[in-house]
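Topology and contacts: notes
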Amino acid sequence: MVTGNATLVVDLGNSETRVKTYFGKTAKGNYRTRLSCLSNRYSSVRDDERLEQAMSNPEYNDENSRVFEMDGEQYCNGRMCETEFNISMFRPTAGEKKYRSLSTKAALRNALMQGYEDIASMEQCDLDSINVIWNLSLLLPPQDLEVGAEELAAMAKEIKRLDFILPEFHVNVNIGRVNVFPEGFCALMGVMFKSAGVPRPEYAYLMEEDAYTLIVDIGAGTTDFNLALAGKVISNARYTCEFGGNNVTQRVRRMLRNEGYTKLHGDAFQKACETGYLKVGTSVIDIRDKIDTAKSEVATQLVNAIKDYMELGDVTIQDVSYLLVCGGGSEVSAESGMEPISNYMVRYLQNQSSGIKEVELPSLIINGEPMVSPRLMNIIGAGVMSESMI
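Residues numbered from 1 in each chain as written. Predicted model: local features only at pLDDT ≥ 70, side-chain atom pairs only at ≥ 80, totals over all residues. Heavy atoms only, no water.

Things to note about the sheet that holds strand 15 (residues 223–229)
Heads up, the condition is: At least two bridges found by DSSP between two strands are what make those strands a pair. Starting at the N terminus, helices and strands are each numbered in turn, a helix being any DSSP run of H or I of at least four residues and a strand any DSSP run of E of at least two.
Ordered by their spatial adjacency, 5 strands build an open sheet running 16-15-14-19-20, and the pairing between neighbours is mixed. Each edge of the open sheet carries a strand with a single partner, namely strand 16 (232–241) and strand 20 (357–358).

Details of the side chain of D217
The line we're drawing: In this scheme, a residue with accessible area under 20% of its type's maximum is buried, one over 50% is exposed, and one in between is partly exposed, where area comes from a 1.4 Å probe on protein chains only. His is not counted here, nor are the chain ends, while Lys and Arg score as positive and Asp and Glu score as negative. Here, a salt bridge means any Lys or Arg side-chain nitrogen found within 4 Å of an Asp or Glu carboxyl oxygen. Contacts are assigned to residue pairs that have any heavy atoms within 4.5 Å of one another.
Tracing the sequence through the fold places D217 in strand 14 (residues 212–218). R18 is the oppositely charged side chain nearest to the buried, salt-bridge-free D217, at an N-O distance of 7.2 Å. Here D217 is in contact with E183, G184, T222, T223, D224, C326, G327 and N378, once residues within four sequence places are set aside.

What about helix 6 (residues 245–258)?
Applicable threshold: In this analysis, the expected span of each helix is defined as 1.5 Å times one less than the number of residues it contains.
Here helix 6 contains 14 residues, and its C-alpha end-to-end distance of 21 Å stays within 8% of the 20 Å for a straight helix at 1.5 Å per residue. When helix 6 is considered as a whole, its buried residues turn out to be N247, V248, T249, R251, V252, R253 and L256. G260 occupies a position one or two residues after helix 6 and carries a positive phi of about 100°.

With respect to the sheet that holds strand 4 (residues 42–45)
An order of 7-4-6-5-9-10 is seen for the 6 strands of this open sheet, with the pairing classed as antiparallel. Two strands in the sheet have a free side with no partner beyond their single neighbour: strand 7 (89–90) and strand 10 (169–172). Note that strand 4 and strand 7 share 2 bridges and pair antiparallel. Among the inter-strand pairings, S43 is bridged to a residue of strand 7, identified as M89.

Considerations on the packing of helix 3 (residues 102–123) against helix 4 (residues 145–157)
Any two packed helices are characterised by the angle at which their axes cross and by the distance between the axes. The condition is simple: Here the axes come from fitting lines to C-alpha atoms, over the contacting stretch only for helices, and the angles between their N-to-C directions go from 0 to 180 degrees. Oblique is the label for every angle not falling under 35 degrees (roughly parallel), over 145 degrees (roughly antiparallel), or within 65 to 115 degrees (roughly perpendicular). It is the rotation of the near helix from the far one that decides the hand of a crossing: anticlockwise by less than a right angle makes it left-handed, clockwise makes it right-handed.
Running from amino to carboxyl end, helix 3 crosses helix 4 at an angle of 50°, the nearest separation of the two axes being 10 Å. Relative to helix 4, the element helix 3 is oriented oblique. Where helix 3 crosses over helix 4, the handedness of that crossing is right-handed. Where helix 3 approaches helix 4, its residues T104, K105 and L108 are matched on the opposing element by L152, M155 and A156.

Digging into the pattern of salt bridges
Applying the stated criterion to the full structure yields 13 salt bridges. Ionic pairing is found between E117 and R66, a salt bridge with its closest N-O pair at 2.6 Å. Here E117 is found in helix 3, whereas its partner R66 is found in strand 5 (residues 65–70), with 51 residues between them in sequence. Look at E117 and you get partly exposed, because its relative accessible area is 22%. The class for R66 is buried, based on a relative accessible area of 7%. If you follow the salt bridges from partner to partner, you end up with D11, E16 and R18 in one network.

Let's talk about the nonpolar core
Here is the rule: The definition of a nonpolar core used throughout is a set of buried Ala, Val, Leu, Ile, Met, Phe, Trp, Tyr and Cys residues joined through side-chain atoms within 4.5 Å.
If you look at the biggest cluster of nonpolar residues, it comprises 46 residues, and the most contacted ones within it are L112, Y116, W134, L136 and V173. Of all the elements, helix 3 adds the most residues to this core, at 10 residues. If near-sequence neighbours (up to four positions away) are discounted, L112 is found in contact with L8, W134, L136, I159, L162, V173 and I175. By size, the runner-up hydrophobic cluster in this structure holds 39 residues, among which are L214, I287, Y344 and L349.

Observations concerning the packing of helix 5 (residues 185–192) against helix 10 (residues 377–387)
Formally: Asp, Glu, Lys and Arg are counted as charged, while Ala, Val, Leu, Ile, Met, Phe, Trp, Tyr, Cys and Pro are counted as nonpolar; the rest, among them Gly, fall into the polar class.
For the pair helix 5 and helix 10, the least separation of the axes is 6 Å and the interaxial angle reads 75°. Regarding the angle of helix 5 to helix 10, the classification is roughly perpendicular. Of the residues in helix 10, those in contact with F185, C186, A187, M189, G190 and V191 of helix 5 are M377, N378, I380, G381, A382 and M385. Each residue belonging to the contact of helix 5 with helix 10 can be placed in one class, and the counts come to 9 nonpolar, 3 polar and no charged.

Honestly, it's all geometry; don't read function into it.
Next up, the structure:
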C-alpha cells in the first residue's frame, strides 16, 4: 500500500487544465513531480447504448479517453468526447465563473485521476494500492479571489469519491488542505524562484525597493492584471478584463464571413488561426494578414484596459519598470512562428513609456526537457508556493 501526503496543483485554464503532482522525494532530496496538460472538453453521456459501443471501440483507451461518473451522470473526456459525443460537448467560457461551473467540477475530478496515475507511475504500483491524503493548490483570476476562493475550495472538498469507468478505477478521496492562489502572482513567483526558498539570482532586480512590475496574464477568454512592488503583489491592484486570445479568433471569423466563408467552426478553424492558413475544399487560403489585424486590434483593447486599470490607482504607466507577460496569449505558435498578441501589446506600451523593460522568462525543465513556456508560468509558480507547505 502506498500512503502519505500528496500535493496536486491545478491551473484551471479555459483552453486546458494544467496539473502538477508532487509525491515523495528523489535520492538527491528533490521533490518528485509530474506535469500534465489535460483537455478541458467534456460531454454528458446520457445514451448508455452509445457509450457501450464507444467503450468497445479499440480506438478509445485509457491513454486518450476518460469516462467517469459525477452527480449521478456519466461524462467523457478526451478523444471519445471529441469524436463520439461532440454534439453535447461543453468547455469553460469567459462568461462563467470557474468557482461555480460544471466544467470546473469535471476538471477537478479529471485532475485527481491524473494525480493517482502520476503516483502510480512514480511508485511503479497499481492504482488500487494508493491511499494518500491530497493537499490541493488551485488558481483563480485575481479579481475573483475574494469572492470565489471559498466557493472553489468548497467545491474541491465536496469530492469524496472518484468513479471512473475508463480507466476502471474507484476510490474514496481524502482531501486535506485546499489553497487558492491568484493567477499572475503565481507567474511572478515562478519567474523569481526555482523552488521554495531558492531564488533565481538573475531576477533579483524584480525585488529592488522601487521596482514596479506589471504582470499581464493573457488567457483564452480573459486577461488578468497584477501590479507588484519589490516582488510583492499589491493586494488591491488586481483586475480581470473579459477578453483574451479567443477575441482574435472571433475577429478573424468575422472578417472571413464578410468575404463569404461561412463554415468556420471547430478545431480546423482554430488550427488555421494558429498556422495562418485556412483549408477550404482543395484550396488553402493565406489568412495571416487577417490574424495580424485581429491581434493588433485585441492588443489595442488590452492597452486601453491597462490604462483604465492604472488610472484606478496611484501608479502610472511611467512608474512601471518591468512588464511580465504570461499565459497562452504570449506564446509563439509552434506551427507558424507568428507573433503572439503580447508582442503587439508590449510595443504599444513601450511607445507609451520607453522605460518599460519586458521580463524574459526563464528556461524551465519540464518532465526532463528544457523549455520556455509563458503558458506554464502560473502552475510553476503555484508549485513553488505549494512546496513551502509540503
